[in-house]
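Chain and residue survey
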Amino acid sequence: MMKKLVLIAGLFCSLVMPSCKQMSVEKTSIIPVPLTMDLKSGAFVIDERTSLWIDASEADKNYLQEYLAASPLNLVVTNEEPTSNAIVLRVVNNLPALNRQEGYVLTSSSKGVDIQAQTGAGLFYGVQTLLQMLTDGNKVAYGTIIDEPRFEYRGMMLDVSRHFFGMDFVKKQIDAMAYYKLNRLHLHLTDAAGWRIEIKKYPRLTSFVAWRTGKDWKEWWNGDRKYVDEGSEGAVGGYFTQEQCREIVAYAQKHYITVIPEIEMPSHSEEVTTAYPELSCTHVPYKQADFCVGNEKTFEFLENVLLEVMDIFPSEYIHVGGDEAHKSSWKTCPLCQTRMKKEGLKDVDELQSYLITRIEKFLNKHGRNLLGWDEILEGGLAPNATVMSWRGTEGGLKAIEKGHRAIMTPGEYCYFDSYQDAPHTQPEAIGGYLPLKKVYSYNPIPDTFTSEQASLMVGVQANLWAEYIPTKEHMEYMIYPRILALSEVAWSAVQNKDYEDFHGRALKAVDELRTKGYHPFNLEKEVGNRPEAKIPVEHLGIGKHVVYAEGTKYYSGYPAGGDDALVNGIRGGWNYSDKLWQGFLKGVDVTIDLVKETNIQEVNADFMQICGPGVFMPKEVIISFSNDGKEFTELVKLPHEVVRDDAVTFKNFGWKGTAKARYVRYQASIDSNFGGFLFVDEIIIK
Ligand SMILES: [Zn+2]
């Protein structure tokens, strides 16, 4: 009910007083933007006599006091409720203006700053707002801010397996996460590239497979992919001791952040099946990523590991991975086959589901809930599981339809390992193009959702996979400022979001982050999308009909809008993931019918190359014309040597001259040495 009132107030503000939002924005740079702000002229000035009084549980009081002691504010802690010149933080039984436990009401007046919340977390977020409101280091504008998060789960995932950066790096990111009101840190602790958490029962996980030969993941992955013993010459890697994990958990807790550990199963476990080969189907080290699901020893291992993990991490959720299992060895393994028969499982998908469901029971028995990547839907979802949707939004939406909870991390909006600007201006990334604006544009809840469905959408998370990120500075470069956009997606009300406004605040935040010793992307120098993609191109082919030669139709996953996409005038951006590039697995062979004989002076098309995901330039392009659509005259043949490289490149293949024709045929062939995709955005005819 109260929420409605707030909404109406917001509406009133935007309809009747279009300038009121801008006025308050000028005064503050708060990220994420609060629910309502009513700021007035004048400010409370914090001086050396300003006191701090906290009325909350002992634990919250300690956390908040410690936090503020380390902040730039120099406050005098008092045990008596002050009447003036004070910052007062108070837990109250209810705040009628708010629906969420993490909400707060901040009031600044001549008497001081008063923050009320129903929980310690709420007070903590009020404090973040207070810190972000400060001008000249000590002034807090008069007025009232009423604020609460849109989602309860506001996360970031760090992949500490592919490259390992230790505890202090994690703590530093926790500091920034808290400042921007994020509250879940998901640590991807295990993967082929290295096991990163001490498990007392299985010492080889850290004395051996936490260490490898190549310093950079890429060098190691493209090289021998071998593990080496801890302390041996050239060993690179590392792990968190259990003591360090506890320290991270405690540090996060003081910042009202929950750390969610991820232990991968049944796949992405090459390191485990090399350290303990009896856990794979073949018992051969360096052979399998998958655990043997038929072997009871696998469950003994996983449960023992999870017991130690649960003892360290008090989180509701334990993430079990579940993504990208090969499942191939299960098809021939006698133990796996026996298990399938005994349990009446009809395929290997159901065998994976058997493992996940059994592990879920184990976690539930210990009072925890299972969280997994959307592949855990395959073969049947475990009864109480929460799905983390990464292959688009479909998995999350499907889980919600079945009454399960979901956390959204779709690659298109949430994968911070993608390029954040024009690839030629950036360090090598795994691919993709995810600028700040795109992250910001994400709205996890579709319009079609009922309020019940919306309540199952518990939140949103950014994922930073680290394959191509070999240094700490580079990690931060990929995180900031995009995580600020994610924080506004996760916290702020949709009606308060405005990219232009956010961009201004993000520019200031980037400066502030630099001052604090972070290494953000240079937002002020952002180049933006590929120039061609910014405005449609006019040409003779627009609106005409495209005929694909037999067996060369575009791949169904990359239609770029379908049969007429190559002549719709819309050009693609820095990556095919924008769905504006048409993808071909068998070469391009298209004919465009211009309806009547036409004078033609130019035919050309752009291709892109990104070797990582298997996107290559054509080996040869042939352009030919015809007047009857049957007999074609070749006008140009353009051979091209395909060369593998690390860059993202674009190249135009075209013809110029004079000709008169009704039909234009454009052919591009794939170099069989490389295979993969050809991507074209438009065939331009002038
Ligand atoms: Zn097996």
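Located above this text is the structure these notes cover.
Worth saying up front: this structure is predicted, and the values here are computed from it rather than measured. As a convention, each chain's residues are numbered from 1 in the sequence order in which they are written. Side-chain atom pairs in this predicted model are given and counted only at pLDDT of 80 or more, local residue features only at pLDDT of at least 70, and totals for whole chains, interfaces and linings cover all residues. Values reported for side chains reflect all heavy atoms of the structure, with hydrogen atoms and water molecules removed beforehand.

Our next topic: the packing of helix H18 (residues 482-491) against helix H19 (residues 499-515). Viewed as axis vectors pointing N to C, H18 and H19 meet at an angle of 130 degrees, and their least axial separation amounts to 10 Å. Viewed along their axes, H18 and H19 adopt a mutual orientation that is oblique. Here H18 and H19 pass one another in a crossing that is right-handed. Residues Leu 484, Ala 485 and Glu 488 of H18 form the contact with H19, whose participating residues are Phe 502, Arg 505, Ala 509 and Leu 513. Axis lines are fitted to C-alpha atoms, over the contacting stretch for helices. Their N-to-C directions set the angle, which ranges from 0 to 180 degrees. Put simply, DSSP H or I for four residues or longer makes a helix, DSSP E for two residues or longer makes a strand, and each gets a number counted from the N terminus. In what follows, roughly perpendicular refers to angles from 65 to 115 degrees, roughly parallel to angles under 35, roughly antiparallel to angles over 145, and oblique to any angle outside these ranges. Handedness of a crossing follows from how the near helix is turned relative to the far one, being left-handed for an anticlockwise turn of less than a right angle and right-handed for a clockwise one. Here, residues are in contact when the closest pair of their heavy atoms is within 4.5 Å.

In this analysis a donor is any N, O or S atom within 2.8 Å of a metal ion (3.2 Å for sodium, potassium and calcium), and since water is not included, sites may seem incomplete. In the first shell of the zinc ion, the protein supplies Cys 281 (SG), Cys 292 (SG), Cys 333 (SG) and Cys 336 (SG), at 2.2 to 2.4 Å from the metal. Any site counts as irregular unless it has four donors with all angles between 85 and 135 degrees, making it tetrahedral, or four or six donors with opposite ones more than 155 degrees apart and the rest between 65 and 115, making it square planar or octahedral. Angles of 106 to 116 degrees at the metal separate the four donor atoms of the zinc ion, which places the site in the tetrahedral class. Along the chain, the residues donating to the zinc ion fall in the pattern C-x10-C-x40-C-x2-C. Of this pair, Cys 292 sits in the loop between helix H9 (270-275) and helix H10 (296-312) while Cys 333 sits in the loop between strand S13 (317-321) and helix H11 (334-343); the two residues are 41 residues apart in sequence, bridging distant segments of the chain. For Cys 292, a relative accessible area of 1% corresponds to the buried category. Categorising residues by exposure relies on relative accessible area from a 1.4 Å probe, with only protein chains included: less than 20% of the type maximum marks a residue as buried, more than 50% marks it as exposed, and the intermediate range marks it as partly exposed.

Pairing of aromatic rings covers Phe, Tyr and Trp, the last through its six-membered ring, and needs centres within 6.5 Å; plane angles under 30 degrees mean stacked, over 60 mean edge-to-face, and all others mean tilted. Counted under the stated rule, the structure contains 45 aromatic pairs. Ring plane angle 40 degrees and centroid distance 5.9 Å describe the contact between Phe 291 and Phe 301, whose orientation is recorded as tilted. Pair noted here: Phe 291 is in the loop between H9 and H10 and Phe 301 is in helix H10, with a separation of 10 residues, a long-range link. A single burial state applies to Phe 291 and to Phe 301, both of which are buried. Against the face of Trp 491 rests Lys 181, its NZ or CZ located 5.6 Å from the ring centre. Across the ring face of Phe 299, the terminal group of Arg 358 is positioned such that the distance to the ring centre comes to 3.8 Å. Counted as over-ring charges are cases with an Arg CZ or a Lys NZ within 6 Å of the ring centre that also lie within 35 degrees of the ring normal.

Interaxial distance between H11 and helix H12 (residues 348-365) falls to 10 Å at its minimum, and their mutual angle equals 80 degrees. Looking at the two axes, H11 sits roughly perpendicular to H12. Seen from H11, the contacting residues are Cys 336, Arg 339, Met 340 and Glu 343; seen from H12, they are Val 348, Leu 351, Tyr 354 and Arg 358. Each residue gets one of three labels, nonpolar for Ala, Val, Leu, Ile, Met, Phe, Trp, Tyr, Cys and Pro, charged for Asp, Glu, Lys and Arg, and polar for the others, Gly among them. Per-class residue counts for the contact of H11 with H12 are five nonpolar, no polar and three charged.

As a further point, take the pattern of salt bridges. The salt bridge criterion pairs a side-chain nitrogen of Lys or Arg with a carboxyl oxygen of Asp or Glu, the two atoms within 4 Å. Overall, the coordinates contain 39 salt bridges when judged by the stated rule. Here Arg 571 makes a salt bridge to Asp 606, at a shortest N to O gap of 2.8 Å. Taken together, the positions of Arg 571 in the loop between strand S18 (545-548) and strand S19 (582-584) and Asp 606 in strand S20 (residues 588-609) put the pair 35 residues apart, joining distant regions of the chain. Like Arg 571, the residue Asp 606 is buried in the burial classification.

Ranked by internal contacts, the top residues of the largest apolar core, which has 166 residues, are Leu 89, Leu 158, Trp 195, Ile 197, Phe 301, Ile 359 and Ile 483. If sequence neighbours within four positions are ignored, Leu 89 has contacts with Leu 52, Trp 53, Ile 54, Asp 55, Leu 64, Leu 68, Ile 115, Leu 123 and Val 127. Take the buried residues of types Ala, Val, Leu, Ile, Met, Phe, Trp, Tyr and Cys, join any two whose side-chain atoms come within 4.5 Å, and each joined set is a nonpolar core. One finds Tyr 548, Ile 592, Ala 605 and Tyr 666 within the second-largest nonpolar core, a separate group that totals 30 residues.

It is worth spelling out H18 at this point. Because each turn of an α-helix spans 3.6 residues, side chains separated by three or four positions end up pointing in the same direction. For H18, the tally of buried residues reaches 10 of 10 residues, placing the bulk of the element in the interior. The complete set of buried residues in H18 reads Arg 482, Ile 483, Leu 484, Ala 485, Leu 486, Ser 487, Glu 488, Val 489, Ala 490 and Trp 491.

This next bit is on the side chain of Arg 162. Tracing the backbone shows Arg 162 in the loop between strand S8 (153-159) and helix H5 (166-179). Whenever a nitrogen or oxygen atom comes within 3.5 Å of another N or O atom, the pair is scored as a polar contact, on the condition that within protein one atom can donate a hydrogen and the other can accept it, and that pairs from neighbouring residues in sequence are kept only if both atoms are in side chains. In terms of polar contacts, Arg 162 uses its side chain to reach the side chain of Asp 191, at 3.4 Å. Not counting residues up to four positions away in its chain, the partners in contact with Arg 162 are His 188, Asp 191, Ala 193, Arg 212, Trp 217, His 268, Trp 465, Ala 466 and Glu 467.

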